[in-house]
Amino acid sequence: MSAAVGAPWATGSRLLLDLRRPPLLTRRRPILHLRRRLATSASLNLNPPPPPSDQVRVRFAPSPTGNLHVGGARTALFNYLFARSKGGKFVVRIEDTDLERSTKASEEALLDDLAWLGLNWDEGPSVGGDYGPYRQSERNRLYKEYAEKLLESGHVYRCFCSNEELEKMKEDAKIKNLPPVYMGKWATATNEDINKELGKGTPHTYRFRVPKDGNLRINDLIRGEVTWNLNTLGDFVIMRSNGQPVYNFCVTVDDATMAISHVIRAEEHLPNTLRQALIYKALGFHMPYFAHLSLILAPDRSKLSKRHGATSVGQFKEMGYLPQAMVNYLALLGWGDGTENEFYTLEELVQSFTIERVNKGGAIFDSVKLRWMNGRYLQSLPPNELTRLIGDHWKRSGILNESDGQFVEDAVSLLKDGFDLVPDSHKVLTSLLSYPLHATLASEEAKPVLEDQLSEVAVSLLAAYDSGELTKVLDEGHAGWQTWVKAFGKSLKRKGKSLFMPLRLLLTGKLHGPDMGLSVVLLHRAGVSSIVNPDFGFITLDERFKVLRELDWQSFNADQSALVPATSAVH
């Protein structure tokens, strides 16, 4: 009878795996010299040059199965900031072992979003590096070799259990109120039993042999000491029956062979650390430092998801958000430098960021604050850059026939405080060009203005326009308007609110808005040029004065809440 395969772990005493690391950058990382018994391709470098002993190397490892979530973007950002603040390397690795869901389009979108945010990577797809390939699908031979090493050392064994048998084990454990862990049927199988199944071609997995007693303890850079009991785990699969490696095995081999010094990732990966730590120890790899970031939460403190609105970087990009605003806001989700400052450039974040100031509590994603912050960034852009952005949008949306020129520059300067997103500038310009006089006159808010002899102001304003006086001063620009309006107010013995509220209502059709003089000058320029697309319902000054002439002021009395045009009053 063949002897049973022995477990490599120490027996007869309680096992304690204390995998806490010393303080940052005080321990030299060993050089990984890896032997290869199989032929390798030139792209699969199993003996990369060792990094400097104190070099920080971090990685962001997304799965190309969807869009870049804001949580993933924050993880990438914190990795980037940590690497740059330590003079280290930021690595991007594509975890595409889920062949059914992974797509090239998703990978390209992820990389485009990272580049849009300004998170340029030192190694990875499209960049290369000494530790490639940087896609897991191109590293399968490496995983298989390390799986064979673990098999030879006794840390893993072949498991021939069928799916039905595994389900039965789960049901039995549930009945006994035990954790649904693998009971180790093949952990002590004889070589004879194993060879018999191999001879029949029975499908099998590779299971990692977990110590049945003891615990594992690490020092998380954000959460402090974290401990797991090993008896809650059970022997876990590292290679599926189809020969494909399991996530936790791939990640461990990749991080070790790419000399990753710090693993900064979401807290949902914290349970994976137990399995990965056991694999590190079994293969003789030194553990990296771990830092697990809190989840990003919705305002109701549930996990942020699609039901809460936009959640991907691509969506925010399409909505008109600026990359610098996104980076700034994401950095504040769970981190702060201890000051009241809320605005940072990417370079300032690199200078200020420390992992010690990352909070372990969940961070609330406030879309209102993000929008406000984006507005501040828009307003702080250099005038020529902001004008280009907004002018291009106005022309693209069809409201203007040109994207640059004096009208565009003056309109952007006048209206920039009225929107937080580039697409919203369309509504602000449309509002400026509109003339909702009748609706405003019918409002309760307009009643005091009407009662303050609005019709008399209208008569004098019409006279100034008909004589050509107003047109002449508007041709002179804002300075001409300012001189004229003072004289106009003096002639009516009006000033302040009693002058400007009637003028605003009569000329713009509204009671509120941006600077009235600048607005009227812009309206005049738009009317004497062809810059505004006529299909957008722009009412020129000439057309506005025609409306004023047709108003039957006598039809209004104190009992009415609305003023109607003369044509309506007749009927």
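Residues numbered from 1 in each chain as written. Predicted model: local features only at pLDDT ≥ 70, side-chain atom pairs only at ≥ 80, totals over all residues. Heavy atoms only, no water.

**Details of the overall build of the chain**
Note the following rule: The numbering of helices and of strands both runs from the N terminus, where a helix is a DSSP run of H or I of at least 4 residues and a strand a run of E of at least 2. Each residue gets one of three labels from its accessible area relative to the maximum for its type: buried under 20%, exposed over 50%, partly exposed in between, using a 1.4 Å probe on protein chains only. By the convention used here, residues are in contact when the closest approach between their heavy atoms is within 4.5 Å.
A tally of helices and strands in the chain yields 23 helices and twelve strands. Counting only residues that meet the buried cut, the chain has 49% of its 571 residues in that class. Here the contacts in the chain between residues at least 6 apart in sequence split such that 76% fall between residues at least 24 apart.

**So, the environment of Thr-273**
To be explicit about the condition: Whenever a nitrogen or oxygen atom comes within 3.5 Å of another N or O atom, the pair is scored as a polar contact, on the condition that within protein one atom can donate a hydrogen and the other can accept it, and that pairs from neighbouring residues in sequence are kept only if both atoms are in side chains.
Topologically, Thr-273 is positioned in helix α7 (residues 272–283). For Thr-273, a relative accessible area of 0% gives the class buried. In the structure, Thr-273 is positioned 25 residues away from Asn-248 in sequence and 8.5 Å away in space, judged by C-alpha atoms. A polar contact is formed between the side chain of Thr-273 and the backbone oxygen of Leu-270, at a distance of 3.0 Å.

**A closer look at the packing of helix α13 (residues 406–415) against helix α21 (residues 516–527)**
How we decide: Each axis is a line fitted through C-alpha atoms, and for a helix only the stretch in contact is used; angles between axes span 0 to 180 degrees, taken between their N-to-C directions. Convention used here: angles under 35 degrees read as roughly parallel, angles over 145 as roughly antiparallel, angles from 65 to 115 as roughly perpendicular, and any remaining angle as oblique. We call a crossing left-handed when the near helix sits turned anticlockwise from the far one by less than a right angle, and right-handed when that turn is clockwise. Three categories are distinguished: nonpolar for Ala, Val, Leu, Ile, Met, Phe, Trp, Tyr, Cys and Pro, charged for Asp, Glu, Lys and Arg, and polar for the others, with Gly belonging to the last.
Remark: α13 packs on α21, axes separated minimally by 11 Å, with the N-to-C direction vectors making an angle of 155°. Between α13 and α21, the angle is such that the two are roughly antiparallel. Here the hand of the crossing between α13 and α21 comes out left-handed. Across from Gln-406, Phe-407, Asp-410, Ala-411 and Leu-414 in α13, the residues of α21 making contact are Leu-518, Ser-519, Leu-522, Arg-525 and Ala-526. Partitioning the contact of α13 with α21 into residue classes produces six nonpolar, two polar and two charged.

**Here we look at the pairing of strand β2 (residues 57–60)**
Put simply, the rule is: DSSP bridges decide pairing: two strands pair if at least two such bridges lie between them. By the criterion used throughout, a crossover qualifies as right-handed when its path from the first strand across the helix to the second strand runs clockwise, the strands pointing away from the viewer.
Residues of β2 alternate between two faces, with Arg-57 and Arg-59 on one and Val-58 and Phe-60 on the opposite face, all of them buried. With four bridges joining them, β2 and strand β3 (residues 89–92) adopt parallel strand pairing. Pairing of Phe-60 across the sheet is with Val-92, part of β3. Once the chain exits β2 it traverses helix α1 (residues 70–85) before rejoining the sheet at β3, and the crossover so formed is right-handed.

**Details of unusual backbone geometry**
The step from Gly-132 to Pro-133 runs through a cis peptide bond, and the omega angle for that step is 0°. Structurally, Pro-133 is set in the loop between α2 (104–117) and α3 (140–153). For Arg-301, which is not glycine, the phi torsion reads 70° and is therefore positive. Here Arg-301 is to be found in the loop between β11 (296–297) and α8 (313–318). Taking the relative accessible area as the measure of exposure, Arg-301 reaches 52% and is therefore exposed. Unlike most non-glycine residues, Gln-453 shows phi in positive territory, near 55°. With respect to the helices and strands, Gln-453 occurs in the loop between α16 (447–451) and α17 (454–466).

**Here we look at the sheet that holds strand β8 (residues 236–239)**
In space, the three strands of this open sheet follow the order β4-β5-β8, with antiparallel pairing throughout. Each end of this open sheet is capped by a strand with a single partner; those strands are β4 (156–159) and β8. Averaged over all adjacent pairs, the angle separating strand axes in this sheet is 45°, with direction ignored. This element, α7, spans β5 (205–208) and β8 of the sheet and lies at about 60° to β8.

**Considering α17**
Selection criterion: To estimate how far a helix should extend, the number of its residues minus one is multiplied by 1.5 Å. The directions from the helix axis to the C-beta atoms are what the arc is built from.
Over its 13 residues, α17 runs 18 Å from end to end, which matches the ideal 18 Å to within 8%, given 1.5 Å per residue. Those residues of α17 lying buried are Leu-454, Val-457, Ala-458, Leu-461, Leu-462, Ala-464 and Tyr-465. Burial along α17 is one-sided: seen end-on, the buried residues are contained in an arc of 160°. Of the surrounding secondary structure, the elements contacted by the buried residues of α17 are α15 (437–441), α16, α18 (469–475), α19 (478–492), α20 (497–508) and α22 (541–550). Once α17 finishes, Gly-468 follows within two positions and takes phi at roughly 90°, a positive value.

**Quick word on the nonpolar core**
Across soluble globular proteins, nonpolar side chains show a tendency to be buried alongside one another. For clarity, the cut-off: Put simply, a nonpolar core is a bunch of buried Ala, Val, Leu, Ile, Met, Phe, Trp, Tyr and Cys residues held in one set by side-chain atoms that sit within 4.5 Å of each other.
Core analysis: the biggest nonpolar cluster contains 113 residues, and Phe-90, Trp-394 and Trp-481 have the highest contact counts within it. Element by element, the count of residues in this core is highest for α1, at nine residues. Ile-218, Trp-228, Leu-270 and Leu-278 belong to the second-largest nonpolar core, a separate cluster that totals 41 residues.

**Describing the pattern of salt bridges**
Applicable threshold: One speaks of a salt bridge when a side-chain nitrogen belonging to Lys or Arg is within 4 Å of a carboxyl oxygen belonging to Asp or Glu.
Per the counting criterion, the structure on display carries 26 salt bridges. Of the charged contacts in the structure, one is a salt bridge between Lys-185 and Glu-165, with a shortest N-O distance of 2.6 Å. Here the residue Lys-185 occupies a position in the loop between α4 (163–175) and α5 (191–200), and Glu-165 occupies one in helix α4, the gap between them amounting to 20 residues. By relative accessible area, Lys-185 is classed as partly exposed at 44%.

**A closer look at the side chain of Asp-220**
Let me state the cut-off plainly: Counted as positive: Lys and Arg. Counted as negative: Asp and Glu. His and the chain ends are not counted at all.
Looking at the element boundaries, Asp-220 is found in strand β6 (residues 215–220). One buried charged residue, Asp-220, remains without a salt bridge, the closest side chain of opposite sign being Arg-223 at 4.9 Å. A polar contact is formed between the side chain of Asp-220 and the side chain of His-292, at a distance of 2.6 Å. If we ignore the near neighbours within four places in the chain, the residues touching Asp-220 are Val-226, Leu-270, Phe-290, Ala-291 and His-292.

**Section: the packing of helix α6 (residues 247–257) against α7**
At a minimum axis separation of 9 Å, α6 and α7 run at an interaxial angle of 55°. Our classification of the angle between α6 and α7 gives oblique. Of the two possible hands of crossing, α6 and α7 adopt the one that is right-handed. Taken together, the residues of α7 that come into contact with α6 (itself represented by Tyr-247, Asn-248, Phe-249, Val-251, Thr-252, Val-253, Asp-255 and Ala-256) are Asn-272, Arg-275, Gln-276, Ile-279, Tyr-280 and Leu-283. Broken down by class, the residue content of the contact of α6 with α7 amounts to eight nonpolar, four polar and two charged.

**Things to note about α7**
Structural remark: α-helix, 3.6 residues per turn; residues separated by three or four positions point the same way. Across its twelve residues, α7 extends 17 Å between first and last C-alpha, which sits within 8% of the 16 Å expected from 1.5 Å per residue. Residues of α7 that are buried: Asn-272, Thr-273, Leu-274, Gln-276, Ala-277, Leu-278, Ile-279, Tyr-280, Ala-282 and Leu-283. Phi turns positive, to about 80°, at Gly-284, one or two residues after α7.

**Remarks on the packing of aromatic side chains**
Here is the rule: Aromatic rings from Phe, Tyr and Trp, with only the six-membered ring used for Trp, were paired whenever their centres fell within 6.5 Å, and each pair was classed as stacked if the ring planes differed by under 30 degrees, edge-to-face if by over 60, and tilted otherwise. Lysine and arginine charges are scored as sitting over a ring when NZ or CZ, respectively, is within 6 Å of the ring centre and within 35 degrees of the ring normal.
Counted by the stated rule, this structure contains 16 aromatic pairs. Taking 5.7 Å as the distance between ring centres and 90° as the angle between the ring planes, the aromatic pair formed by Tyr-80 and Phe-90 counts as edge-to-face. Taken together, the positions of Tyr-80 in helix α1 and Phe-90 in strand β3 put the pair ten residues apart, joining distant regions of the chain. This pair shows no difference in class: Tyr-80 is buried, exactly as Phe-90 is. Centroid distance Phe-343 to Tyr-377: 5.9 Å. Interplanar angle 50°. Geometry classified as tilted. One end of the pair, Phe-343, is in the loop between α9 (323–331) and α10 (346–352); the other, Tyr-377, is in helix α11 (residues 367–380), and 34 residues separate them in sequence. Tyr-377 gets classed as buried once you look at its relative accessible area, which sits at 11%. One aromatic cluster in this structure is built from Phe-78, Trp-335, Tyr-344 and Phe-353. Stacked on the ring of Tyr-131, the Lys or Arg Arg-57 has its end atom at 4.1 Å from the ring centre. Lying over the aromatic face of Tyr-182, Arg-207 brings its terminal NZ or CZ to 3.9 Å of the ring centre.

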